[in-house]
Amino acid sequence: MQVFLNPSYNLRPQTLHLQTCFMAGRAADMMSVKAFTLVSAVERELLMHDQERVNIECVECCGRNLYVGTSDCFIYHFLLEEKALPSGTAAFTATKQLHRHLGFKKPVSELRAASALDRLLVLCDSCISLVSMHSLEPVPSGARIKGASTFALNENPVGGDPFCVEVCILSVKRRTIQVFLVYEDRVQIVKEVSTPEQPLAVAVDGHFLCLALSTQYIILNYNTGFSQDLFPYCSEEKRPIVKRIGRQEFLLAGPGGLGMFATVAGISQRAPVHWSENVIGAAVCFPYVIALDNEFITVHSMLDQQQKQTLPFKEGHILQDFEGRVIVATSKGVYILVPLPLEKQIQDLLASRRVEEALVLAKGARRNIPKEKFQVMYRRILQQAGFIQFAQLQFLEAKELFRSGQLDVRELISLHPFLLPTSSSFTRSHPPLHEYADLNQLTQGDQEKMAKCKRFLMSYLNEVRSTEVANGYKEDIDTALLKLYAEADHDSLLDLLVTENFCLLTDSVAWLEKHRKYFALGLLYHYNKQDATAVQLWVNIVNGNIQDSTRSDLYEYIVDFLTYCSDQQLVWTYADWVLQKSEEVGVQVFTKRPVGEQQNSFNPDDVISRLKKYPRALVKYLEHLVVDRSMQKEEYHTHLAVLYLEELLQQREATSSSDAMATETQTKLRRLLQKSDLYRVHFLIERIQGAGLPVERAILHGKLGEHEQALGVLVHELGDTAAAEDYCLWSSEGQDAPCRRRLFHMLLAMYLQAKPSAPELTVAAVDLLNRHATEFDAAQVLQLLPDSWSIQLLCPFLTGAVRSSIHARRTAQLALGLARSENLLYTYDKMKLKGSAIQLSDRKLCQLCQHPFLEPVFIRYPNGGLVHTHCAASRHSSPTPGTRT
């Protein structure tokens with residue numbers, strides 16, 4: 001059953017709003033915990049012998065001293081001896097010291113010890129007397145307080161006097177509360193406060209009184225008189241309970257069988273506990289609230305408000321706690337509730353798989369255990385709880401518990417057989433954190449559960465391997481992770497091996513070979529600086545000697561690996577192998593190397609010598625040297641041109657299906673011949689004669705400066721006027737304007753000198769003039785043109801020529817004007833400088849060389865600085881940059 005109390009619960013307008021909600025009533029047998037053991041402290045025979053009508057009325061305990069007040073007005077004093085038992089409980093032996101009759105005919109109602117004063121406060125017949133704690137004799141002064149129905153000591157006194165105690169008295173007078181200071185042999189009243197109803201029970205904390213009135217509980221500040229209503233109850237139906245349980249906090253018997261907590265501010269910071277409707281006493285032994293009714297002692301947790309234990313106990317009528325010791329009594333005997341050690345309670349909960357309760361109890365135990373001891377204990381409890389959750393496949397909860405408990409992750413790894421390296425010195429915690437020998441026992445052989453556990457371990461190890469948790473045993477973690485990845489064929493295996501790792505080589509090699517992860521094994525060898533072994537392993541995979549389908553592009557991977565490999569000998573060892581597989585791809589081990597290594601590691605001549613057996617690779621490498629690296633060496637340029645030429649001639653001899661390839665090779669050859677100035681031109685002209693390559697021959701003639709011959713080949717032999725125009729453009733690149741003009745004039749003259757049988761050259765001449773008007777000297781061209789040509793035919797040429805001429809003229813005028821302006825400025829500065837006198841003496845020093853002037857010849861800067869003429873000649877700037885001389 002679940003019972004909820006509204007957070008704003010109140011029954012009257014003036015009633016306090018208790019800010020709380022709670023859940024209670026869960027079946028007690030589901031929550032049972034053996035928190036206390038009930039042991040006898042004082043047997044009936046020690047008290048009353050055969051006096052059947054004598055009953056125990058009250059008890060008080062202070063240290064080893066136990067005091068019992070009886071119905072026949074006697075006080076008994078016992079010394080308690082405690083003996084710890086192996087079971088974690090204790091046995092008590094009470095030794096009677098003495099007993100004394102108080103001289104009244106009424107029962108002893110209450111006893112309270114004031115150890116600082118060595119006094120016992122005794123309430124009997126509405127009178128509070130002071131007696132010695134050891135002799136039980138009344139004080140000689142006879143000091144007493146009359147007219148008291150009950151009283152409470154202030155355990156949080158407001159005064160600073162160590163030689164007195166503060167006592168709050170509920171007077172038998174109607175609705176009156178009195179506050180006294182009790183000294184060793186006297187008493188002094190300090191305050192008297194009236195209440196709206198007759199008070200029945202009281203607890204004190206500082207200036208605050210928690211009172212049970214006839215119909216309600218209230219908080220009263222006796223210093224200010226301010227009161228705060230808490231909640232109602234009926235004193236005629238049930239006995240009120242008011243107990244101080246801590247600083248400024250009280251426990252009250254509330255309506256509906258609820259144990260309510262309230263602070264001096266009138267609010268509840270804890271959820272209530274649900275106890276019996278007939279509770280007659282309550283006590284607190286943290287973290288438990290203990291309640292007594294006619295038949296049972298019940299134990300509730302203050303941490304989760306659940307009932308934890310029920311002890312049968314009939315005829316009980318007293319339940320009190322004294323400095324952590326809980327005493328219960330019947331009318332005939334006194335008993336002690338001995339708490340079991342919290343650690344044992346927690347272990348019992350864990351053994352019952354009640355993880356949440358165990359953790360709540362462990363957290364609550366913090367206040368009762370030294371900090372360092374608690375931290376060690378709590379970490380172990382978290383680890384145990386983590387394994388319980390792990391065994392139940394609650395992996396998220398387990399991971400959080402392992403992290404919080406700072407688990408040595410090898411405890412988890414050791415559940416998986418053979419994952420820890422053979423060299424590991426790890427031994428499991430003792431006593432053990434769990435009951436499982438291995439994962440097989442934990443999962444009872446269920447392969448699906450085992451796979452889930454392994455997936456969790458992979459995830460957890462991957463998370464913790466880079467944290468402080470891994471410090472000191474990274475080899476164990478990474479080796480275990482590698483084995484799990486290999487066994488599961490997990491993609492993260494490669495990620496592990498290509499980043500920083502601490503996998504143990506000997507264990508890992510055997511495991512990777514077992515699971516046929518040869519590519520990953522190569523990565524492991526490479527990480528351990530055994531590149532030769534790694535490459536040979538990968539080569540065996542490509543050659544089919546061993547099987548591993550991890551990478552379908554393993555050959556390209558090997559080429560890339562060798563490309564960036566700094567071991568020159570290793571590259572030479574496998575150069576032939578990669579070239580035999582593919583010349584175009586294999587040559588990349590030389591062409592794609594980092595620039596620094598190309599210059600320092602491999603001599604191009606050595607590479608060329610090795611590549612002679614691989615013509616396509618040789619061409620690629622020479623292209624790399626000439627085009628990519630722009631190496632200025634004649635042998636490489638000439639060699640590449642010859643290879644292009646030979647390949648082109650071979651392709652021409654083949655079928656027409658190679659036309660496209662021939663065009664690509666021919667394009668490369670022409671580009672090389674045009675761009676490079678380093679190859680041997682005469683040698684190539686000899687090789688090209690009679691090969692049917694007029695364009696290439698024209699380019700070579702142009703390289704020799706034989707432009708007319710080159711243009712003649714293009715115009716007359718090839719008949720390609722567009723190629724002739726392109727020749728004029730690329731051949732004059734980087735040259736001055738007259739050079740380009742000379743080439744275009746040469747081409748124009750060739751067109752104009754053509755025979756009448758070649759009218760297409762006349763058309764080409766017109767097109768040449770109209771497209772490149774700015775490249776010609778218009779006056780010279782007009783003298784060459786036939787008189788029969790019309791102006792309309794040459795309109796674009798003439799327009800461009802006139803525009804160019806006007807532009808040149810205006811540009812010249814502008815430059816002339818700027819020069820005149822600058823000259824005028826300098827003339828002005830010079831005149832201004834001449835207008836002022838300059839005094840020169842032998843004490844005047846040159847600002848550049850710091851030597852005196854020996855003759856009246858000097859140079860003066862605009863800033864007034866004087867320098868020798870020879871110093872100014874050697875320095876092209878003045879002492880102050882930017883000034884004019």
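Above this note sits the structure.
Predicted model only: the values in this text are computed from it and were never measured.

Peer 1: Any chance you could explain the packing of helix α25 (residues 707-717) against helix α26 (residues 721-731) here in plain terms?
Peer 2: Packed helices, taken two at a time, are described by their axes: the angle between them and the distance between them. Running from N to C, α25 and α26 point in directions that differ by 150°, and their axes come no closer than 9 Å. It follows that α25 is roughly antiparallel to α26 by the angle criterion. When α25 is examined against α26, the residues His707, Ala710, Leu711, Leu714 and Val715 are found in contact with a partner set consisting of Ala723, Ala724, Tyr727, Cys728 and Ser731. Taken together, the residues that form the contact of α25 with α26 break down as 8 nonpolar, 2 polar and no charged.

Peer 1: I'm lost on unusual backbone geometry in this one. Help?
Peer 2: Peptide bonds are mostly trans, and most non-glycine residues show a negative phi. Note that the residue after Phe286, namely Pro287, is joined by a cis bond; omega there is 10°. Take Pro287: it is sitting in the loop between β22 (281-285) and β23 (288-292). A positive phi angle, near 60°, is found at Asp118, a position not held by glycine. Mapped onto the fold, Asp118 is located in the loop between β6 (108-114) and β7 (119-124). Unlike most non-glycine residues, Gln850 shows phi in positive territory, near 65°. Counting through the fold element by element, Gln850 comes out in the loop between α30 (795-834) and β29 (859-860).

Peer 1: Can you walk me through the sheet that holds strand β28 (residues 334-339) in this structure?
Peer 2: Remark on secondary structure: sheet strands pair via backbone hydrogen bonds, oriented parallel or antiparallel. In spatial order, the strands read β1-β28-β27-β26; together these 4 strands make up an open sheet with antiparallel pairing. Every other strand in the sheet has two partners, leaving β1 (36-42) and β26 (316-322) as the edge strands with one partner each. Recorded for the sheet is a direction-independent mean angle of 25° between the axes of neighbouring strands. Relative to β28, β1 is paired through 6 bridges, and the arrangement is antiparallel. Along β28, the bridge assignment pairs Ser40 with Tyr335.

Peer 1: Looking at this structure, how should I read the packing of aromatic side chains?
Peer 2: The geometry of an aromatic ring pair is captured by the separation of the ring centres together with the interplanar angle, meaning the angle of the planes. Taken as a whole and judged by the stated rule, the model has 26 aromatic pairs. On the numbers, 6.1 Å between centres and 40° between planes, the contact of Phe74 with Tyr76 is tilted. Residue Tyr76 is classed as buried on the basis of its relative accessible area, which comes to 5%. Both rings, one in Phe402 and one in Tyr460, keep their centres 6.0 Å apart while their planes meet at 55°; by these two values the pair is tilted. Of this pair, Phe402 sits in helix α5 (residues 395-404) while Tyr460 sits in helix α8 (residues 447-464), and the two are 58 residues apart along the sequence.

Peer 1: Which parts of the structure should I look at to understand the nonpolar core?
Peer 2: Nonpolar side chains in soluble globular proteins tend to be buried together. If you look at the biggest cluster of nonpolar residues, it comprises 137 residues, and the most contacted ones within it are Phe390, Leu412, Trp538, Phe590 and Leu611. Listed in part, the 36 residues of the second largest apolar core include Leu292, Leu337, Leu349 and Ala358.

Peer 1: For this particular structure, what's the right way to read the environment of Arg175?
Peer 2: Structurally, Arg175 is set in the loop between β11 (165-171) and β12 (176-182). Separated by 428 residues in the primary sequence, Arg175 and Asn603 place their C-alpha atoms 112 Å from one another. Each residue touching Arg175, except ones within four places of it in the same chain, is listed here: Val193, Ser194, Thr195, Pro196, Glu197, Gln198 and Pro199.

Peer 1: Mind showing me how you'd approach the pattern of salt bridges here?
Peer 2: Think of it this way: side chains of opposite charge can pair up when their charged atoms draw near. Applying the stated criterion across every chain yields a total of 36 salt bridges. A salt bridge links Arg551 to Asp553, with the shortest nitrogen-to-oxygen separation between them at 3.0 Å. Under the relative-accessibility criterion, Arg551 is labelled partly exposed at 30%. Residues Arg771 and Glu725 are paired through a salt bridge, measuring 2.4 Å at the closest nitrogen-oxygen approach. Linking Arg771 in helix α28 (residues 759-771) with Glu725 in helix α26, this pair joins segments that are 46 residues apart in sequence. Classification of Arg771 by relative accessible area gives exposed; the value is 52%.

Peer 1: Would you take a moment to explain α26 for this structure?
Peer 2: Since the α-helix advances by 3.6 residues per turn, residues separated by three or four positions end up pointing in the same direction. Within α26, the full set of buried residues consists of Ala723, Ala724, Glu725, Tyr727, Cys728, Trp730 and Ser731. By the N-cap criterion, in which a side-chain oxygen at the helix start approaches the backbone nitrogen of a residue two or three places on, α26 is capped by Asp720, the distance to Ala722 being 3.3 Å.

Peer 1: Just checking my understanding: could you explain the side chain of Glu411 for this structure?
Peer 2: With respect to the secondary-structure elements, Glu411 resides in helix α6 (residues 410-413). For the buried Glu411, no salt bridge is present, and the opposite-charge side chain at shortest range is Arg428, 4.9 Å distant. Not counting residues up to four positions away in its chain, the partners in contact with Glu411 are Phe387, Phe426, Arg428, Ser429, Leu433 and His434.

Peer 1: Whenever I open this one, helix α13 (residues 531-542) confuses me. Can you help?
Peer 2: Under the 1.5 Å per step criterion, the end-to-end length of α13 is 17 Å for 12 residues, consistent within 8% with the ideal 16 Å. Note on α13: the residue one or two positions beyond its end, Gly544, has a positive phi of about 85°.

Peer 1: Any chance you could explain the side chain of Glu197 here in plain terms?
Peer 2: Its location among the elements puts Glu197 in the loop between β13 (187-194) and β14 (201-205). Each residue touching Glu197, except ones within four places of it in the same chain, is listed here: Arg175, Leu213, Ser214, Thr215 and Gln216.

Peer 1: Looking at this model, I keep getting lost on the sheet that holds strand β25 (residues 307-312). Mind explaining?
Peer 2: Here 4 strands make up an open sheet; going across it, the order is β22-β23-β24-β25 and the pairing antiparallel. Every interior strand has two partners, whereas the edge strands, β22 and β25, have only one. Each adjacent strand pair in this sheet contributes to an overall mean axis angle of 20°, direction not counted. Sheet analysis places β23 next to strand β24 (residues 296-301), joined by 5 bridges and oriented antiparallel. Note that in β24 the partner of Val289 across the bridge is His300.

Peer 1: Could you clarify how one ought to interpret the packing of α8 against helix α9 (residues 474-488) in this entry?
Peer 2: Two numbers describe how α8 lies on α9: the axes approach to 10 Å, and their chain directions differ by 140°. Between α8 and α9, the crossing angle belongs to the class labelled oblique. In this structure, α8 crosses over α9, and the sense of that crossing is left-handed. Contacts from Lys454, Leu457, Met458, Leu461 and Asn462 of α8 reach α9 at Ile477, Ala480, Leu481, Leu484, Tyr485, Glu487 and Ala488.

Analysis parameters
Residues numbered from 1 in each chain as written. Predicted model: local features only at pLDDT ≥ 70, side-chain atom pairs only at ≥ 80, totals over all residues. Heavy atoms only, no water. Axes fitted to C-alpha atoms, helices over the stretch in contact; angles between N-to-C directions. Helix = DSSP H or I, 4+ residues; strand = E, 2+ residues; numbered from the N terminus. Parallel < 35°, antiparallel > 145°, perpendicular 65-115°, else oblique. Contact = heavy atoms within 4.5 Å. Nonpolar A, V, L, I, M, F, W, Y, C, P; charged D, E, K, R; others polar. Pairing = 2+ DSSP bridges. Phe/Tyr/Trp six-rings, centres within 6.5 Å; stacked < 30°, edge-to-face > 60°. Buried < 20%, exposed > 50% of the residue type's maximum accessible area, 1.4 Å probe, protein only. Core = buried A, V, L, I, M, F, W, Y, C linked by side-chain atoms within 4.5 Å. Salt bridge = Lys/Arg side-chain N within 4 Å of Asp/Glu carboxyl O. Polar contact = N/O pair within 3.5 Å; in protein donor to acceptor, adjacent residues only side chain to side chain. Lys, Arg positive; Asp, Glu negative; His and termini not counted. Expected span 1.5 Å × (residues − 1). Left-handed = near helix turned anticlockwise from the far one by under 90°.

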